[in-house]
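So you can see what is in the structure, the chains are spelled out below.
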Amino acid sequence: MSSSISQVGQLLQDKTAPLKDRFRALFTLRNLGGNEAVEAIAACFDDESALLKHELAYCLGQMQNTHALPYLIRVLEDRSQEAMVRHEAGEALGAIGDSSALEVLKTYSDDPVVEVAETCQLAIGRLQWLADQTKNETDLPSNPYCSVDPTPPAKVAEVEDLRKTLMDESVPLFQRYRAMFTLRNLTSTDSVLALADGLKCKGALFRHEIAYVLGQIQSDACVQQLKKNLEDVSESPMVRHECAEALGSIATPEATAILENYIKDAERVVRESAIVALDMSEYENSEQFQYADALSKLSNEQSAASISKPVMS
């Protein structure tokens, strides 16, 4: 296992390798897990690609290994890091679910970068919710996507009632996110369309999370709404990039054709997202995931068995 992690880590850290191959290496490390994989992932936080660094933080959060805490805290505290990277580090601290992160999250809950501040507020809410055993919310809908989310879902209700909560900007963000994840878990066309309405809301962080969950659902009912935000050059790059990745997950011919228009976008994070999303789209439309040459040389059967479909943030 250790030699496999070392080989995959070398590919991830190779700044001359195609970004899509490095992403595949990252997903492999995430699935292999363990402290050594955490360290291999964290070693890349000095990369020039904000997209890759943000995905590093996302994967560390999904792994829920407390060994990642000091690395993520360092990224959150580093104001030279891009906002989308710091935001993802804050979200990952909440995803890991260890109360030792509360103090640093509180420190940055009023960060001048609003997306970072809101992320830390949500992460604090999640840690407090986890610690509050009096809630006893045992009847919450299950998550069919196996992701660690920034908030728990809300109780199941009518789609229109959940939509009203989602769209009401006077409601605390934590509660709107809970409605968001319940709508996602319903996976119906009506719930997808309700979520897609959220792409019109204020707040880049909120819109980016809407795009993320639409990518998880993989419904073609929201392709045009995602396209509208992606093509808007005045939209936040962190939202546009998430729309591109969602289209890559949906992977219909229409979604793929849209992505082709953005592989030379002026925003680096958008064009890189389009490139990686097209790779995801190719995977979605193939029967077998074809790994980069460096990964195909891995002989460790346990490593190969633990590789699964990548889910980008």
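Residues numbered from 1 in each chain as written. Predicted model: local features only at pLDDT ≥ 70, side-chain atom pairs only at ≥ 80, totals over all residues. Heavy atoms only, no water.

### Section: the overall build of the chain
Point 1. Check the secondary structure of the chain and you find 18 helices and zero strands.
Point 2. Expressed as a percentage of its 313 residues, the buried residues of the chain come to 56%.
Point 3. Expressed as a percentage of contacts within the chain between residues at least 6 apart in sequence, the contacts between residues at least 24 apart total 69%.
Point 4. Accessible surface, the chain as shown: approximately 13400 Å² in total, 46% of it carbon and sulfur. (Helix = DSSP H or I, 4+ residues; strand = E, 2+ residues; numbered from the N terminus. Buried < 20%, exposed > 50% of the residue type's maximum accessible area, 1.4 Å probe, protein only. Contact = heavy atoms within 4.5 Å. Areas by Shrake-Rupley, 256 points an atom, 1.4 Å probe, with all protein chains shown as cover.)

### Points about the UniProt feature "binding site: Fe cation 1" (unreviewed entry) in the chain
Point 1. UniProt records the feature "binding site: Fe cation 1" (unreviewed entry) at His54, Glu55, His87 and Glu88, using the numbering of this structure. These annotated residues cover 35 residues of sequence, and their C-alpha atoms all fall within 11.1 Å of one another, placing them together at a single site.
Point 2. With respect to the helices and strands, Glu55 occurs in helix 4 (residues 50–63).
Point 3. Exposure remark for Glu55: the relative accessible area of 0% places this residue in the buried category.
Point 4. On the basis of relative accessible area, Glu88 is assigned to the buried category, the value being 2%.
Point 5. Ignoring anything within four residues of it in the chain, the contact list for Glu88 reads His54, Ala57, Tyr58 and Ser313. (UniProt positions renumbered as here; feature names shortened; annotations may be inferred.)

### Side note on helix 3 (residues 35–42)
Point 1. Along helix 3, the positions that sit buried rather than exposed are Ala37, Val38, Ala40, Ile41 and Ala42.
Point 2. Packed against the buried residues of helix 3 are helix 1 (2–12), helix 2 (19–32), helix 4 and helix 5 (69–77).

### Some thoughts on the nonpolar core
Point 1. If you look at the biggest cluster of nonpolar residues, it comprises 96 residues, and the most contacted ones within it are Leu12, Leu72, Leu76, Leu105, Leu195, Leu214 and Leu226.
Point 2. Contacts of Leu12, omitting those with residues within four sequence positions, involve Arg22, Ala25, Leu26, Leu29, Ala40, Ile41, Cys44, Leu52 and Leu56. (Core = buried A, V, L, I, M, F, W, Y, C linked by side-chain atoms within 4.5 Å.)

### Some thoughts on the environment of Ala221
Point 1. Assignment of secondary structure puts Ala221 in the loop between helix 12 (204–217) and helix 13 (223–231).
Point 2. For the pair Ala221 and Val192, spaced 29 residues apart in sequence, the C-alpha to C-alpha distance is 7.0 Å.
Point 3. Once you skip the residues sitting within four places of it in the chain, Ala221 turns out to touch Thr189, Val192 and Leu193.

### Focus on the pattern of salt bridges
Point 1. One pass over the full model with this rule turns up 14 salt bridges.
Point 2. The shortest N-O distance in the salt bridge between Asp149 and Arg184 comes to 2.7 Å. Taken together, the positions of Asp149 in the loop between helix 8 (114–131) and helix 9 (159–167) and Arg184 in helix 10 (residues 173–186) put the pair 35 residues apart, joining distant regions of the chain. For the pair Asp149 and Arg184, one class covers both residues: buried.
Point 3. Put simply, Glu160, Arg163, Asp197 and Lys200 are held in one network by salt bridges that share partners. (Salt bridge = Lys/Arg side-chain N within 4 Å of Asp/Glu carboxyl O.)

### Comments concerning unusual backbone geometry
Point 1. The phi dihedral of Cys146 is positive, around 60 degrees, even though this residue is not glycine.
Point 2. Under the relative-accessibility criterion, Cys146 is labelled exposed at 70%.
Point 3. At Gln218, a position not held by glycine, the phi torsion is positive, near 65 degrees.
Point 4. With respect to the secondary-structure elements, Gln218 resides in the loop between helix 12 and helix 13.

### Details of helix 5
Point 1. Among all positions of helix 5, only Leu69, Leu72, Val75 and Leu76 are buried. Projection of helix 5 onto a plane perpendicular to its axis shows the buried side chains occupying an angular sector of 130 degrees, all on one side. (Arc of directions from axis to C-beta.)

### Some remarks on the packing of helix 12 against helix 14 (residues 237–250)
Point 1. Contact geometry for helix 12 and helix 14: axes closest at 8 Å, N-to-C directions at 5 degrees. Classified by the angle between their axes, helix 12 and helix 14 sit roughly parallel to one another. Between helix 12, through Ala204, Leu205, Arg207, His208, Ala211, Tyr212 and Gly215, and helix 14, the contact on the second element is made entirely by Met238, Val239, Glu242, Cys243, Ala246 and Ser249.
Point 2. Among the residues forming the contact of helix 12 with helix 14, the class breakdown is eight nonpolar, three polar and two charged. (Axes fitted to C-alpha atoms, helices over the stretch in contact; angles between N-to-C directions. Parallel < 35°, antiparallel > 145°, perpendicular 65-115°, else oblique. Nonpolar A, V, L, I, M, F, W, Y, C, P; charged D, E, K, R; others polar.)

### Some remarks on the packing of aromatic side chains
Point 1. Summed over the entire model, instances satisfying the criterion amount to four aromatic pairs.
Point 2. A ring pair is formed by Phe23 and Phe27, whose centres lie 6.0 Å apart and whose planes are at 75 degrees; its orientation type is edge-to-face. Placement of both Phe23 and Phe27 in helix 2 is noted, with a separation of four residues, approximately one turn of the helix. Accessibility assignment for this pair places Phe23 and Phe27 in one class, buried.
Point 3. The ring of Phe206 carries the charged tip of Arg176 above its face, separated from the ring centre by 4.0 Å. (Phe/Tyr/Trp six-rings, centres within 6.5 Å; stacked < 30°, edge-to-face > 60°. Lys NZ or Arg CZ within 6 Å of the ring centre and 35° of its normal.)

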